Number of protein chains: 2
Amino acid sequence: MENKNSLQFHMNMGKLIGSVHNMITRRFVQNAHEAGLDISLDQWMVLGPIHYHGDASQKLLSDFCFKDKTSITRIVNTLEKKNLVVRVPDQLDQRINRIILTRAGKQLFNDVLPIMTKTKKEVSRNIPETDIEIFKDVLTRIISNLENV
Amino acid sequence: MENKNSLQFHMNMGKLIGSVHNMITRRFVQNAHEAGLDISLDQWMVLGPIHYHGDASQKLLSDFCFKDKTSITRIVNTLEKKNLVVRVPDQLDQRINRIILTRAGKQLFNDVLPIMTKTKKEVSRNIPETDIEIFKDVLTRIISNLENV
DNA sequence: AAATAATAGTTGTATATTCAACTAATGGAA
DNA sequence: TTCCATTAGTTGAATATACAACTATTATTT
């Protein structure tokens, strides 16, 4: 583990991304927990679009979040169990579920916003804004490299 | 979903990193599968250090992979079930498991190396090397921002 | 030497992810 | 209009993650 090869392995991009992803997830949950809020980062990633859209279908959430429809099904299950959202069948197309925030869901959304801001600040501390921009740009390029193949 | 706020949400860093992480994981597994190999990215991330170190403890793997010791326990379980590694109790400290590659494990390691290279190439296609360097640097900085708090 | 603290791993519980296979509803083509 | 393909969502099985609580072993302290 002490030679050059191992260091190179250590710095592998996939591993770095995975580690950072896990760390951000953990930090977000911790910050939320300290504020007395019970929500995971993935639940938040789905709750956000539900809030902005108003009556998103699960398909839309799936596309928007780059998550499998299965994942959306299960996250919406969890949110529904917590009484944060409800599934309402679409009037015109019976295949579609419209996901609607409950009052508690709206409340939680507003409570979590500052947690998100705090987490973002902790994550990007001491990193130049220009590097953050390049960082996001690379992420976006990787997504388009892997998206439709 | 069509206004400025939603776009901003869409471009959220945590979400981007999560999406990219999932996409790379999926692509790696697909590439391995096409080559007739059955291994996940996380299994590979643990198998690599086992190979380089020779007789790594689970604690070392945990530190090295930025994964919880629980995760290591379970990934090693999986690798053991597949007869890729064995747990050997340390002679001096009975608390420690030494994780050793089997012949099949060494074989798989060598078979997977080109898959890793291929995946890396697909991921970083059309992205300038200088941007990749900044990208990795930002990832490393985020890790140190979140590591010991 | 005996009590206590620290370390290495495991197990239980809850959440998240993917793929494949499935149901149900919609839309188009013969 | 009937058959067929597509679309939206669910379910099952396998893998991965974190935290808390646990056992067993080693190290430290009094």
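Every value quoted in this text rests on a predicted model; they were computed, and no experiment measured them.

**Student:** Run through the interface of chain B and chain A, naming residues and quoting values.
**Tutor:** Facing the 54 residues of chain B at the interface are 54 residues of chain A. If you list the elements that add at least two residues to the side of chain B that touches chain A, you get α1 (4-10), α2 (13-34), α3 (41-53), α4 (58-65), α6 (103-123) and α7 (129-146) of chain B. Considering only residue class, the side of chain B that touches chain A consists of 30 nonpolar, 14 polar and 10 charged.

**Student:** Lay out the relation of the copies chain B and chain A in plain terms, naming residues and giving numbers.
**Tutor:** When chain B is brought onto chain A, the operation consists of a screw motion whose angular component is 180° and whose axial shift is 0.0 Å, with 0.0 Å RMSD remaining. Both copies of the chain, as the preceding transformation shows, are related through a two-fold rotation axis. Residue Phe135 of chain B, judged by its C-alpha, is the member of chain B lying nearest the rotation axis, at 2.5 Å. Same-surface contact between copies: 100% of interface residues of chain B are shared with the interface of chain A.

**Student:** Outline the sheet that holds strand β2 (residues 85-89) of chain B, listing residues and values.
**Tutor:** Residue and element names in this part refer to chain B. Taken in spatial order, the three strands of this open sheet run β1-β3-β2, and their pairing is antiparallel. A strand with exactly one partner marks an edge of an open sheet, and here the two such strands are β1 (56-57) and β2. One ladder, built from two bridges, connects β1 with strand β3 (residues 97-101); its direction is antiparallel. Residue pairing across strands places Ala56 opposite Ile99, the latter belonging to β3. Across the face of the sheet, α3 comes into contact with β1, β2 and β3 while running at roughly 90° to β3. Each of β2 and β3 is contacted by helix α5 (residues 69-81), which is oriented at about 120° to β2, the strand it contacts most.

**Student:** Explain the pattern of salt bridges residue by residue, including any values.
**Tutor:** Residues and elements named next belong to chain A. Applying the stated rule across the entire model yields 18 salt bridges over all chains. Note that Lys59 and Asp63 form a salt bridge whose closest N and O atoms lie 3.5 Å from each other. Here Lys59 pairs with Asp63, and both are found in helix α4 (residues 58-65), just four residues apart, close to one helical turn. We note a salt bridge from Arg141 to Asp137, for which the minimum N-O separation is 3.0 Å. Taken together, the residues Arg141 and Asp137, both in helix α7 (residues 129-146) and four residues apart, mark about one turn of the helix. With relative accessibility at 32%, the residue Arg141 sits in the partly exposed group.

**Student:** Can you lay out the protein's contact with DNA strand C for me, pointing to particular residues and giving the numbers?
**Tutor:** What surrounds DNA strand C is a group of 28 residues, the closest being Ser40 and Lys67 of chain A together with Gln58, Lys59 and Arg74 of chain B. With respect to DNA strand C, the backbone of Lys59 of chain B contributes an N or O atom lying 2.6 Å from a phosphate oxygen. Side-chain polar atom of Arg95 of chain B to a base oxygen of DNA strand C: 3.1 Å apart, as the coordinates give it. Elements with a minimum of two residues in the surface near DNA strand C: α3 (41-53) and α5 (69-81) of chain A together with α2, α4 and α5 of chain B. Per-element accounting of the surface near DNA strand C gives the leading share, five residues, to α5 of chain A.

**Student:** An account of the protein's contact with DNA strand D is requested, with residue identities and associated values reported.
**Tutor:** Neighbouring DNA strand D are 28 residues; Gln58 and Lys59 of chain A together with Ser40, Lys67 and Gln94 of chain B lie closest to it. Sugar plus phosphate: this is where 67% of the atoms of DNA strand D within 4 Å of the protein reside. Contact between DNA strand D and Arg95 of chain A: a base oxygen at 3.1 Å from a side-chain N or O atom of the residue. In terms of residue class, the surface near DNA strand D is built from three nonpolar, 13 polar and 12 charged.

**Student:** I'd love a proper account of the confidence of the model for chain A, names of residues and values included.
**Tutor:** Low-confidence regions, as indicated by low pLDDT, have predicted coordinates that should not be scrutinised in detail. With 91% of its residues at a pLDDT of 70 or more, chain A shows a mean pLDDT of 89. Low pLDDT (under 50) marks residues 1-10 of chain A, which in the prediction has 19 contacts with non-local residues, meaning those over four places away or in another chain.

**Student:** Give me the lowdown on the sheet that holds strand β3 (residues 97-101) of chain A, citing residues and values where you can.
**Tutor:** Residue and element names in this part refer to chain A. Read from one edge to the other, the open sheet built from three strands follows the order β1-β3-β2, with strand pairing classed as antiparallel. The outermost strands of the open sheet, each flanked by one partner alone, are β1 (56-57) and β2 (85-89). Across the sheet, α5 is in contact with β2 and β3; its angle to β2 comes to roughly 120°.

**Student:** Hey, could you go over α6 of chain B for me, with residue numbers and the actual values?
**Tutor:** Residues separated by three or four positions in an α-helix point in the same direction, a consequence of the helix having 3.6 residues per turn. For α6 of chain B, which comprises 21 residues, the first-to-last C-alpha distance of 30 Å matches the rise-based estimate of 30 Å (1.5 Å per residue) to within 8%. Approximately 30° is the largest bend angle found in α6 of chain B, and it occurs at Val112 of chain B, with the proline Pro114 of chain B only one to four residues beyond. Turning to α6 of chain B, its buried residues are Gly105, Leu108, Phe109, Val112, Ile115, Met116, Thr119, Glu122 and Val123 of chain B. As for α6 of chain B, its buried residues are in contact with α2 (13-34) and α7 of chain A together with α2, α3 and β3 of chain B.

Parameters and conventions
- Residues numbered from 1 in each chain as written.
- Chains lettered and ligands numbered in written order.
- Predicted model: local features only at pLDDT ≥ 70, side-chain atom pairs only at ≥ 80, totals over all residues.
- Heavy atoms only, no water.
- Contact = heavy atoms within 4.5 Å.
- Helix = DSSP H or I, 4+ residues; strand = E, 2+ residues; numbered from the N terminus.
- Nonpolar A, V, L, I, M, F, W, Y, C, P; charged D, E, K, R; others polar.
- Least-squares fit on C-alpha atoms with pLDDT ≥ 70 in both.
- Pairing = 2+ DSSP bridges.
- Axes fitted to C-alpha atoms, helices over the stretch in contact; angles between N-to-C directions.
- Salt bridge = Lys/Arg side-chain N within 4 Å of Asp/Glu carboxyl O.
- Buried < 20%, exposed > 50% of the residue type's maximum accessible area, 1.4 Å probe, protein only.
- Near = heavy atom within 4 Å.
- Polar contact = N/O pair within 3.5 Å; in protein donor to acceptor, adjacent residues only side chain to side chain.
- pLDDT = per-residue confidence, 0-100.
- Expected span 1.5 Å × (residues − 1).
- Bend = angle between axes of the 7 residues up to and from the residue.

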